[in-house]
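Observations on the three-dimensional arrangement
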Amino acid sequence: MIEFDARILTILVCGAGTFGMRLLPMLWQQRSETRHAELLSRLSRASGSAAVASLMVVMLWPMIVQAGTQQLAAVFTGLLTTWGSQRVFSGVALPALSGAVVYGLVKAWL
């Protein structure tokens, strides 16, 4: 049986908070007037991008702090690819995938 400790509680609270951040604006948007619909839609899109950006910072920070020049080259090449493909494709999934693939290729090459 899984022991219930602070890590599990933290994961559950973060999951519930993330779910609530995405669900509550959608429910409010369905019930609100049309003049608020565009604002809520923009806020919802921005919170998704902000969540992805914060996850990238948390994931990449240990790599950047403890990295040598080869590791930094792979990280920044992956980040540049993610940024560039986000500008071209304006989504979240394809830029994240392309950045991860380029990071892996540069890391394997160096």
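Just so it is clear, the model here is predicted, and its values are computed rather than measured. (Residues numbered from 1 in each chain as written. Predicted model: local features only at pLDDT ≥ 70, side-chain atom pairs only at ≥ 80, totals over all residues. Heavy atoms only, no water.)

1. Considering the overall build of the protein chain
Of the regular secondary structure elements, the protein chain holds four helices and zero strands. Start at the N end of the protein chain and walk to the C end: the helices and strands fall as α-α-α-α. Put simply, the protein chain has 110 residues, and 15% of those count as buried. Counted over contacts in the protein chain with a minimum sequence separation of 6, partners at least 24 positions apart contribute 38%. With the model as given, the accessible surface of the protein chain reaches about 8,600 Å², and the carbon-plus-sulfur share is 71%. (Helix = DSSP H or I, 4+ residues; strand = E, 2+ residues; numbered from the N terminus. Buried < 20%, exposed > 50% of the residue type's maximum accessible area, 1.4 Å probe, protein only. Contact = heavy atoms within 4.5 Å. Areas by Shrake-Rupley, 256 points an atom, 1.4 Å probe, with all protein chains shown as cover.)

2. What about the side chain of S98?
By secondary structure assignment, the location of S98 is in helix α4 (residues 93-109). Not counting the four nearest positions on each side in its chain, S98 is found in contact with T81 and S85.

3. Thoughts on helix α3 (residues 69-89)
Taking 1.5 Å as the rise per residue, α3 with 21 residues should run 30 Å; its terminal C-alpha atoms sit 30 Å apart, in good agreement. Considered for burial, the residues of α3 that qualify are Q71, A74, V75, G78, T82 and S85. What you see down the axis of α3 is that its buried residues fit within an arc of 105°, all on one side. Across from the buried face of α3, at angles greater than 90 degrees, the exposed residues are T69, L80, W83, R87 and V88. The first or second residue beyond α3 is S90, which carries a positive phi of 50°. (Expected span 1.5 Å × (residues − 1). Arc of directions from axis to C-beta.)

4. Some points on the confidence of the model for the protein chain
Looking at the protein chain as a whole, the pLDDT averages 80, with 88% of positions reaching at least 70. When mean pLDDT is taken per element in the protein chain, α4 scores highest with 89 and helix α2 (residues 34-65) scores lowest with 74. (pLDDT = per-residue confidence, 0-100.)

5. Considerations on the side chain of Q71
Counting through the fold element by element, Q71 comes out in helix α3. Of the polar contacts made by the side chain of Q71, one reaches the side chain of Y103; its length is 3.1 Å. Apart from the residues within four sequence positions on either side, Q71 is in contact with M63, Y103 and K107. (Polar contact = N/O pair within 3.5 Å; in protein donor to acceptor, adjacent residues only side chain to side chain.)

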